[in-house]
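Analysis of the macromolecular model
So the chains spell out like this:
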Amino acid sequence: MSADNQILLSVRRLKKYFPIKKGLLRREKGQVRAVDDVSFDIRRGETLGLVGESGCGKSTVGKLILRALKPTAGEIIFTLDDRQMRINELSDTELRPLRRHAQLIFQDPYASLNPRMTVREIIGEPILVNRETQIADLDARVVELMDLVGLDSRYLRRYPHAFSGGQRQRIGVARALALNPDLIIADEPVSALDVSIQAQILNLLSDIQQELELTYLLISHDLSVVEYVSNRVAVMYVGKLVELADTEEIFRHPRHPYTEALLMAVPRISERDRPETYTLSGNVADPANPPSGCYFHHRCRYATDICSTKPVVMKQVANGHQVACHRSRDLSLKGL
Amino acid sequence: MINYIIRRIFYMIPTLIIISMISFAVIQLPPGDYLTTKIAQLQAQDELINVDLIEALREEYGLDQPIYVQYGKWVWNILHGDFGYSWEWQRPVEEVIGERILLTAIISFTAMFMIYLLAIPVGIFSATHKYSVADYLITIVAFVGLALPNFLLALLLLFIGYVVFDVSLVGLFSSEFANAPWSVAKVGDLLKHLWIPVIVVGTTSTAGRLRVMRGNLLDELNKPYVMAARAKGLSEVKLLLKYPVRMALNPLISGLSILLPQMISGATITAVVLGLPTTGPMLLGALRSQDVYLAGAFILLLCTLTVISTLLSDILLAWSDPRIQYE
Amino acid sequence: MSRRLGISLRFRREKSDLPEGESYYVATPRQLMWWKFRKHKLAVVALYVLGVMYLLALFAEFVSPYNPNVRHIRHLYAPSQKIHLYYEGRWHVQPAVYGLKFEIDPVTLREKYYEEKDKTYRLRLFCRGDQYRMWGLFESDIHLLGVEPGGTLFLLGTDRMGRDMLSRIIAGSRISLSIGFIGIILSFIIGLILGGISGYFGGTADLLIQRLIEVMRAFPAIPLWMGLSAALPMTWSPLKVYFAITVILSLLGWVGVARAIRGKFLALREEDFAVAAYLAGASRWRIIYKHLLPSFMSHIIVVLTLRIPHMIMGETALSYLGLGLRPPITSWGVLLKECQNVQDMAHHPWLLLPVLFIILVILSFNFVGDGLRDAADPYAA
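1. As for the overall build of chain C
Scanning chain C for helices and strands turns up 14 helices and 4 strands. Overall, the C-alpha framework of chain C stretches about 85 × 55 × 45 Å when taken along its three principal axes. In chain C, which comprises 381 residues, the proportion classed as buried is 44%. For chain C, the share of sequence-separated contacts (at least 6 apart) that also reach a separation of at least 24 residues comes to 71%.

This is the structure in structure tokens:
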């Protein structure tokens, strides 16, 4: 990865609340705090993994960055060579330049490709609508992209129904690359694929990252996927970040009990690799009605009185290692 | 739930206002008005005109005033139980239509009852005996039933009744009861005649619901939980009635609310073909002779009837299916 | 079982029926749908039936043996004539009809017709007959089928005024079938605009349109149609009345279409591929016409196909009641107006023949709709 450590994307105190409407006059009776005060940076050329259980708000973070959703509060700042884009402030028309710089890879390779369009139309659409290339050169560019992601360019005129899940995901990757973006947000890019195909797609993602100097935000619930490709990992729980550190660091020395519990759940080939296992009990907190104090306290086996009363904030505990836990200093948690 | 009902009633108000406006438009659309036409006719026949009466009526309904005043007066009068005056029948509208609306409602509700009584069991049978000879026969009959508009079915029944069985299927009462006051015997006579219009009005919808029931049940029977229940050794009948049938019934219950408008619509034209003493022929006559208050009252009442029953069926649905959100 | 009975209402999809290899991989959505539709045999048959009906309607003047408005005064209420291949004592290749002899029954005072076996008239193709003006463009007197001079050819009998029923039914099909088509196009346009606004933009517009749809759904169609069409001035020209009736029928017809479009819009708007197009920078308009419209068009066509019968029934019903189209326009409903009392029907059952055509057309539309529904989403497993 490039070593200049330049920050590409900066997310500051990002919030997204969905209103709950009830009653005769449909008054707002509450909010679902899908993303609640999340801050992190992504450096140019790195892969940041964002992990958490389903429903924790990690996909919402991805959609907010691409402005498929409008944030309730907070800042998203995109730094290009010459200028900064404050994504949270842009209007619909001002958003269009962003599309050249940030793209999304979808989870479901079936739903994300329009079955009524050929491969050529699907991959070519971003180029066409952004008038990147002359129409005459469109085919050449699409073929180039297909080569890049390992698709046979003879399939140009085929429809998605002709392809397997893995091949479809390659089409999705090619579409995301079509505009030469700087940042790619991959939202569970392999979770819908067979395990044997997952590695192929992950390898493809890291190959093109090297080749095109891409930056990734990899959203996944699967820690082994994240471990495989990420430089740094952020852990999310009920709309909040609870831990952020280098991959190596977080897997070896987690500082948050939730991270520890997640790591316990990662399957290992031999049980000898694992000093001890335990499984989380209880349910994920309700983001519409979160508990007091630390949202994790009722499931945490290390919880003390302070955990149920005093809210937690992210704190730097070591170089580049942030954690939101009252007891992070006195616990010694086990990694892998 | 209470909240839900209140909101639904609340929503009914704009609906009723629009209905009243459309009904009034029907009254107003024909060029000229009944009085002008009538006066011209009477004058042509050199008859004596009760000028005072006509002037009084003109005054009462504001025929000389702008349209919104007329509309306002009309609505105001209706809210006080006065539906206007039927020129044709020389009587207040509400006196003329009461019994006819009631008979229309009886036919429509009986038809609805028949539809569900037939469609559900036959649909279940058809689904559980998929691709059997009986299923094919039911399917063919259902498709033909779907393709038969009410009044054509009425025509064909009339024709077959007359040619094959030499009976007249016209009317809702035998001649001796037609103008008799209501009595037990008259009700019995009504029941004897009721089945023809009920069949006519209900056939198309029965066929439709039957197909829906069959399709839904087949979808339901393909679901894994049915296999799980079967694997556990549940008896077939119990298995069928416990969940799949209940699930398949839901769209039928929610379809209840649009069924009544269809029934009333069908009953109207069927009544014309079969010469029933219900709303149909009188509405037709009123429209032809521009007896506007009578026609307007019919349309208003028929529409209101359907809106209220839509409300009732929605409440019934919300009550029967806890998954329906009251929001 | 189905094969043994010779009827097959619905076929399960079998992979082997699809073409293999490249032709399948590059098959357009339309091709896939056609492959799927083809398997619904009854729908295919129904499609052909409709094709023939619409062709007849299109070339009505040419295919009908007579001018539908010409009165054959000597042949009032004539029954349908039979076509014979065996006449003049031997078999022939060229079919012929016998002459019709007319008598008043002294007892019932009704007209009675006999075949005059000694007078045969051969049928002819491309025969000269009544003058007509094809599509208002050019004059001709060539009819597809005719009979030798002196004979009559009333294959489906004649009506009260001695007009040929077959010619009248064909002429009526032009009105009855086209009113369904134009009405549904009108409904579609209204439904697409309102349903599209409601589904894509949501918010207050959605709320208002939703309410409107609810109100319209609560209306009993026939009384409303009756009220509105009774208001049409008697002085209007037939063409004006025709369009007015079409508009009246569409007034309720759009509701179902709008509901379907709104539902599909809401569902598709959230589909990943629509989001992908949005994130690719596609304009709202491009997303609608390139991604959403093609995806739900097939479903909407199903809804439209199944609504056409309602339009046809509506016209027929109104005309039957005397509130819709009026003579000199000929439609199936106008023809059925002759069947006002049961004695007439009993003595001249051929007056009821338009009913068969109406049923055939409605049945065909239902079958085609059924087949289209199966084919509407060719990507479903």
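Still more ground to cover, so stick around.
2. A look at the overall build of chain A
A count of helices and strands for chain A gives 10 helices and 12 strands. Taken over the C-alpha trace, chain A has a radius of gyration of 21 Å; the compact-globule value for 336 residues is 20 Å, and the two agree within 12%. For chain A, the C-alpha atoms occupy an extent of roughly 70 × 60 × 45 Å along the three principal directions. Counting every position in chain A, which comprises 336 residues, the buried fraction comes to 43%. In chain A, the proportion of contacts linking residues at least 24 apart, taken out of those at least 6 apart, comes to 65%.

3. Re the pairing of strand S11 (residues 315–318) of chain A
Residues and elements named next belong to chain A. One ladder, built from 3 bridges, connects S11 with strand S12 (residues 321–323); its direction is antiparallel. Looking at the pairing, Ala318 lines up with His321 of S12. Hairpin connection, S11 to S12: the antiparallel pair is bridged by 2 residues, and Gly320 has positive phi, about 70°.

4. Examining the packing of helix H12 (residues 256–274) of chain B against helix H13 (residues 279–288) of chain B
Residue and element names in this part refer to chain B. Here H12 crosses H13 at 85°, and the two axes come no closer than 6 Å. Compared by their axis directions, H12 and H13 come out roughly perpendicular. Contact residues: H12 offers Ala267, Thr268, Ile269, Thr270, Ala271 and Val272, while H13 offers Thr279, Gly280, Pro281, Leu283 and Leu284. Of the residues that constitute the contact of H12 with H13, the class distribution is 7 nonpolar, 4 polar and no charged.

5. A word on the environment of Arg86 of chain A
All names here are of chain A. In this fold, Arg86 is placed in strand S5 (residues 84–86). For the pair Arg86 and Ile76, spaced 10 residues apart in sequence, the C-alpha to C-alpha distance is 5.8 Å. Filtering out sequence-adjacent residues up to four positions away, Arg86 remains in contact with Glu75 and Ile77.

6. Concerning the sheet that holds strand S4 (residues 138–147) of chain C
Residues and elements named next belong to chain C. Taken together, the 4 strands give an open sheet; going across it, the order is S1-S2-S3-S4, and neighbouring strands pair in antiparallel fashion. A single partner strand is all that each edge strand has here, and the edge strands are strand S1 (84–87) and S4. The sheet shows a mean angle of 65° between the axes of neighbouring strands, taken without regard to direction. Sheet topology note: the strand S3 (residues 111–134)/S4 ladder contains 8 bridges and is antiparallel. What sits directly across from Arg128, in S4, is Ile142.

7. Thoughts on the domain arrangement of chain C
When its domains are assigned, chain C resolves into domain 1 (81–153) and domain 2 (169–376). The C-alpha centroid of domain 2 of chain C is placed 39 Å from the C-alpha centroid of domain 1 of chain C.

8. What about the interface of chain C and chain B?
Accessible area lost on assembly of the parts is the figure often given for the size of an interface. Across the contact, 39 residues belong to chain C and 44 residues belong to chain B. Within the residue set of the side of chain C that touches chain B, elements represented by two or more residues are helix H1 (2–5), helix H7 (203–217), helix H8 (221–230), helix H11 (284–321), helix H13 (342–347) and helix H14 (353–375) of chain C. It is H8 of chain C that provides the largest number of residues to the side of chain C that touches chain B, a total of 8 residues. Residue composition of the side of chain C that touches chain B, grouped by class: 32 nonpolar, 4 polar and 3 charged.

9. Some details on the environment of Leu351 of chain C
All names here are of chain C. Within the secondary structure, Leu351 sits in the loop between H13 and H14. Measuring from C-alpha to C-alpha, the distance between Leu351 and Gly227 comes to 28 Å, with 124 residues separating the pair along the chain. Ignoring any residue separated from it by four or fewer positions in sequence, one finds Leu351 in contact with Asp159, Glu338, Cys339, Asp344 and Met345.

10. Considering H7 of chain C
If you check H7 of chain C, its first and last C-alpha atoms are 21 Å apart, about what 15 residues at 1.5 Å a residue would give, namely 21 Å. Along H7 of chain C, the residues classified as buried are Ile209, Ile213, Val215 and Met216 of chain C. Down the axis of H7 of chain C, the sector holding all buried residues measures 160°, keeping them to one side. Of the exposed residues in H7 of chain C, the ones pointing more than 90 degrees away from its buried face are Gly203, Thr204 and Leu207 of chain C. Buried positions along H7 of chain C lie against helix H1 (2–28) of chain B together with helix H6 (165–201) and helix H9 (238–269) of chain C.

11. Considering unusual backbone geometry
What you tend to see is this: most non-glycine residues have negative phi, and most peptide bonds are trans. Positive phi outside glycine occurs at Arg13 of chain A, with the angle close to 45°. Considering the arrangement of structural elements, one finds Arg13 of chain A in strand S1 (residues 7–22). The class of Arg13 of chain A is exposed, set by 12 C-beta atoms lying within 10 Å. We note that Glu88 of chain C has phi near 50°; this positive angle belongs to a residue other than glycine. Locating Glu88 of chain C in the fold gives a position in the loop between S1 and strand S2 (90–104). The exposure class assigned to Glu88 of chain C is exposed, which follows from the 11 C-beta atoms found within 10 Å.

12. Notes on the sheet that holds S11 of chain A
All names here are of chain A. The 8 strands are arranged S6-S7-S8-S3-S9-S10-S12-S11 in an open sheet whose pairing can be described as mixed. A single partner strand is all that each edge strand has here, and the edge strands are strand S6 (102–105) and S11. Along the sheet, successive strands turn relative to each other by an average axial angle of 20°, direction set aside. Bridging between strand S3 (residues 47–51) and strand S8 (residues 215–220) involves 5 bridges; their strand directions are parallel. Within S8, the position partnered with Leu48 by the bridge is Leu217. Contacts from helix H5 (residues 165–177) reach S6 and strand S7 (183–187) within the one sheet, and its direction differs from that of S6 by about 175°.

13. Some words on the environment of Phe296 of chain A
Residues and elements named next belong to chain A. Relative to the helices and strands, Phe296 is located in the loop between helix H9 (257–264) and helix H10 (305–309). Among the residues examined, Phe296 registers 26 C-beta atoms within 10 Å and is labelled buried. Remark: the alpha-carbon pair of Phe296 and Ala178, spanning 118 residues in sequence, is separated by 41 Å. For Phe296, the contacting residues outside a window of four places in its chain are Tyr237, Pro257 and Tyr258.

14. Description of the nonpolar core
Ranked by size, the top nonpolar core spans 258 residues in total, and within it Ala174, Ile185 and Val235 of chain A together with Ala295 and Phe298 of chain B carry the most contacts. Domain assignment of the residues forming this core places at least three in each of domain 1 (81–153) and domain 2 (169–376) of chain C. Those residues in contact with Ala295 of chain B, other than ones at most four positions away along the chain, are Val26, Ile27, Leu283, Ala286 and Leu287 of chain B together with Gly227 of chain C.

15. So, helix H4 (residues 41–58) of chain C
Working note: α-helix, 3.6 residues per turn, so residues spaced by three or four point in the same direction. Residues and elements named next belong to chain C. Here H4 is 18 residues long and its end C-alpha atoms lie 26 Å apart, about the 26 Å a rise of 1.5 Å per residue gives. Taken residue by residue, H4 has Leu42, Ala43, Ala46 and Leu56 as its buried positions. Burial along H4 is one-sided: seen end-on, the buried residues are contained in an arc of 140°. Across H4 from its buried face, at more than 90 degrees, point the exposed residues Tyr48, Gly51, Val52 and Leu55. Residues of H4 that are buried sit in contact with helix H3 (29–38), helix H5 (60–63), H6 and H14.

16. Looking at the confidence of the model for chain C
All names here are of chain C. Predicted confidence across chain C gives a mean pLDDT of 81, with 94% of residues reaching 70 or more. When pLDDT is averaged over each element of chain C, H4 comes out on top at 90 and H1 at the bottom at 36. Within the model, the stretch residues 1–16 combines pLDDT values under 50 with 13 contacts to residues more than four positions away or in other chains. Both confidence scores are given for the complex: pTM 0.79, ipTM 0.85.

Definitions and cut-offs
- Residues numbered from 1 in each chain as written.
- Chains lettered and ligands numbered in written order.
- Predicted model: local features only at pLDDT ≥ 70, side-chain atom pairs only at ≥ 80, totals over all residues.
- Helix = DSSP H or I, 4+ residues; strand = E, 2+ residues; numbered from the N terminus.
- Buried ≥ 20, exposed ≤ 12 C-beta atoms within 10 Å, placed from the backbone.
- Contact = placed C-beta atoms within 7 Å.
- Rg over C-alpha atoms; globule rule 2.2 N^0.38 Å.
- Pairing = 2+ DSSP bridges.
- Axes fitted to C-alpha atoms, helices over the stretch in contact; angles between N-to-C directions.
- Parallel < 35°, antiparallel > 145°, perpendicular 65-115°, else oblique.
- Nonpolar A, V, L, I, M, F, W, Y, C, P; charged D, E, K, R; others polar.
- Domains from an automatic or database assignment.
- Expected span 1.5 Å × (residues − 1).
- Arc of directions from axis to C-beta.
- Core = buried A, V, L, I, M, F, W, Y, C linked by C-beta atoms within 7 Å.
- pLDDT = per-residue confidence, 0-100.

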